[in-house]
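The residues making up each chain are set out below.
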Amino acid sequence: MAAAADTSEASAAGLALAEANINWERLDKTRFHVIGAILFTAQQGVLHPTAVVKTRLQVAEGGLAHMSGFAVFRRILRSDGISGVFRGFGTSAVGALPGRVLALTSLEISKEMTFKYSERFDMSEASKIAVANGVGGLVSSICSCAYFVPLDVICQRLMVQGLPGMATYRGPFDVINKVVRMEGIRGLYRGFGITMLTQSPASALWWSAYGGAQHAIWRSLGYGNDSPTKPSQSELVAVQATAGTIAGACSSIITTPIDTIKTRLQVMDNYGSGRPSVMKTTRLLLDEDGWRGFYRGFGPRFLNMSLWGTSMIVTYELIKRLSVKPE
């Protein structure tokens, strides 16, 4: 995903800055991962309460399912205090560190290898970049799913404990122990299939919206192929942030129903006999709340993805600029 950001920024409306085209070879890898761990963990901490509210709305029954995100947030604060809106954060933050290294490294390396390999073919520069980004995104997605799905299962169960019908855990290792004892290792991979099938198109949608929004913004600001001036650093950051917000908002509208099914599949156990499945989860959600049930938690998720899109792209570009090897 981050690689696509470089591509979009370098090509949108014919604009280019040296800082916007930092490839893998120019980075100090140790500094890149250390700075990335610090800044992305801070970003994750700021957005974590919205993830907790979203998850609770998606799996809740009764009156809670029809409350607004702010109402659920206040309810959590009243009953559990600040710690309630940060349930699962420690596990998520620490557990995500190796996953981020894996995802970013696999994305950048596979993108660069594919781009070099494509040079032997008679393809336009734009096509080479598109193919390289697509392969890089696919490889990174596979690696991310293999690592992050079990982490999601653990964190989401910690987020919803205390709700009616939900189990109580003493920590992440207790979650692992209970899930594996009941369902085996496959229990930690609930939702893996639907995540794999939806993450790639969702990512494509995000970057498509991001690139389109950025192109339109540059045009509206008067920057075009024949423009004699280049945007300032503050303009570049502002355009990235705005385009990221728009992309996150568009993506949340399309992907919330699938995310709701995935979340419930990963945390709910009250299906009677048999193993939970996508079809069982979908039917249960329809029985409970009709079609509008697929948009449970839409408000918090809309906010989360919009803020995530803005902060992710700005943070990632900052990390890369701070990690460039000395000339």
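Everything numeric in this text was worked out from a predicted model, so none of it was measured.

**Q** Can you walk me through helix 5 (residues 89-118) in this structure?
**A** Count 3.6 residues to each turn of an α-helix, and residues three or four apart come out pointing the same way. Here helix 5 contains 30 residues, and its C-alpha end-to-end distance of 41 Å stays within 8% of the 44 Å for a straight helix at 1.5 Å per residue. Residue Leu97 marks the point of greatest curvature in helix 5, where the axis turns by about 35°; the proline Pro98 follows within four residues.

**Q** Teacher, can you tell me more about the side chain of Arg190 here?
**A** Looking at where Arg190 falls in the secondary structure, it is placed in the loop between helix 7 (172-183) and helix 8 (192-220). The class of Arg190 is buried, set by a relative accessible area of 3%. Of note is the side chain of Arg190, whose polar atom sits 2.6 Å from the side chain of Glu183.

**Q** Can you walk me through the pattern of salt bridges in this structure?
**A** Side chains that differ in sign of charge can pair as their charged atoms come close. The final tally for this structure, using the stated rule, is 7 salt bridges. A salt bridge links Lys116 to Glu25; the nearest nitrogen and oxygen atoms lie 3.0 Å apart. Taken together, the positions of Lys116 in helix 5 and Glu25 in the loop between helix 1 (2-11) and helix 2 (29-59) put the pair 91 residues apart, joining distant regions of the chain. Overall, the relative accessible area of 46% leaves Lys116 in the partly exposed class. You can call Glu25 partly exposed: its relative accessible area is 46%. Three or more residues are tied together by salt bridges with common partners; here these are Glu25, Glu112 and Lys116.

**Q** Whenever I open this one, the packing of aromatic side chains confuses me. Can you help?
**A** Aromatic ring pairs are described here by two measures, namely the spacing of the ring centres and the angle between the planes. Per the stated rule, a full pass over the model turns up 5 aromatic pairs. Relative to Phe121, the ring of Tyr117 has its centre 5.6 Å away and its plane inclined at 65°; by these criteria the two rings are edge-to-face. Pairing Tyr147 with Phe148 gives two aromatic rings, centres 5.2 Å apart and planes at 85°, and the pair type is edge-to-face. With relative accessibility at 28%, the residue Tyr147 sits in the partly exposed group. One residue, Lys29, lies across the ring of Trp24, its end atom 5.0 Å from the ring centre.

What counts, and where the lines are drawn
Residues numbered from 1 in each chain as written. Predicted model: local features only at pLDDT ≥ 70, side-chain atom pairs only at ≥ 80, totals over all residues. Heavy atoms only, no water. Helix = DSSP H or I, 4+ residues; strand = E, 2+ residues; numbered from the N terminus. Expected span 1.5 Å × (residues − 1). Bend = angle between axes of the 7 residues up to and from the residue. Buried < 20%, exposed > 50% of the residue type's maximum accessible area, 1.4 Å probe, protein only. Polar contact = N/O pair within 3.5 Å; in protein donor to acceptor, adjacent residues only side chain to side chain. Salt bridge = Lys/Arg side-chain N within 4 Å of Asp/Glu carboxyl O. Phe/Tyr/Trp six-rings, centres within 6.5 Å; stacked < 30°, edge-to-face > 60°. Lys NZ or Arg CZ within 6 Å of the ring centre and 35° of its normal.

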